[in-house]
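Here's the letter readout for the chains.
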Amino acid sequence: MTTAGSALEVVAASADVRGIALVLHGGRETSTAPVRAHQLAVLRMRPFARRLAATGGRHGLAVARLRFGQRGWNGELRSPVNDARAALAELTARYPGVPAALVGHSMGGRVAVHVADDAAVTVIAALAPWLTPSDPVDTLTGRRLLVIHGEADRITDPRVRKRMFELTKA
């Protein structure tokens, strides 16, 4: 069910599955180049996925890492959004009725915000999310949200993130 070029790796829980964590890596503003498994944005999220599987697996947490098909967001194409929607569809078909959490870094945090309207999603953890004022905030309504973002970040602007999440409380 994944889209062309994307890859979904799932570590099954050692107990009955009670939750899913979908881990989403970062990327670039513009690039149609394929994402490779050895790229830093992909590798950066491996320890998060491993730790989630190691500590959550025995409690019923299945952990999935999605490798997007393309490195870039690519403007209106929002290239990784379809990959994430397909991954969520595959995971919810495999584990029907199980709540999902999205864990995304940078562009992966942006993707998480865009697909948070999926009925299975109950939790979003966004690590230094790359967001713009045009990104939706209504997708976060009714979801638990954790945002971690350093104030000295030179790549993604924490002020945009802060304003967007203030809007979710309005």
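The structure under discussion appears in the preceding block.
Residues numbered from 1 in each chain as written. Predicted model: local features only at pLDDT ≥ 70, side-chain atom pairs only at ≥ 80, totals over all residues. Heavy atoms only, no water.

Novice: Give me the overall build of the protein: which residues, what numbers.
Specialist: Along the backbone of the protein there are 4 helices and 6 strands. Moving toward the C terminus, one meets the helices and strands of the protein in the order β-β-α-β-α-β-α-β-β-α. If one aligns the C-alpha atoms of the protein with their principal axes, the spans along those axes are about 40 × 40 × 25 Å. By residue count, 49% of the 170 residues in the protein fall in the buried class. Sequence-distant contacts, at least 24 apart, represent 67% of the contacts inside the protein between residues at least 6 apart. With the model as given, the accessible surface of the protein reaches about 8,800 Å², and the carbon-plus-sulfur share is 53%. Where the 23 positive side-chain charges of the protein centre and where its 14 negative ones centre are 7 Å apart. (Helix = DSSP H or I, 4+ residues; strand = E, 2+ residues; numbered from the N terminus. Buried < 20%, exposed > 50% of the residue type's maximum accessible area, 1.4 Å probe, protein only. Contact = heavy atoms within 4.5 Å. Areas by Shrake-Rupley, 256 points an atom, 1.4 Å probe, with all protein chains shown as cover. Lys, Arg positive; Asp, Glu negative; His and termini not counted. Charge placed at Lys NZ, Arg CZ, Asp CG, Glu CD.)

Novice: Explain the pattern of salt bridges residue by residue, including any values.
Specialist: In this structure the tally under the stated criterion is 4 salt bridges. A salt bridge links Arg85 to Asp117; the nearest nitrogen and oxygen atoms lie 3.0 Å apart. One end of the pair, Arg85, is in helix H2 (residues 79–94); the other, Asp117, is in the loop between helix H3 (107–115) and strand E5 (121–127), and 32 residues separate them in sequence. Among the residues examined, Arg85 registers a relative accessible area of 32% and is labelled partly exposed. The class for Asp117 is partly exposed, based on a relative accessible area of 41%. Ionic pairing is found between Arg94 and Glu90, a salt bridge with its closest N-O pair at 3.8 Å. Taken together, the positions of Arg94 and Glu90, both in helix H2 and 4 residues apart, correspond to about one turn of that helix. Overall, Arg94 belongs to the partly exposed group, its relative accessible area being 44%. (Salt bridge = Lys/Arg side-chain N within 4 Å of Asp/Glu carboxyl O.)

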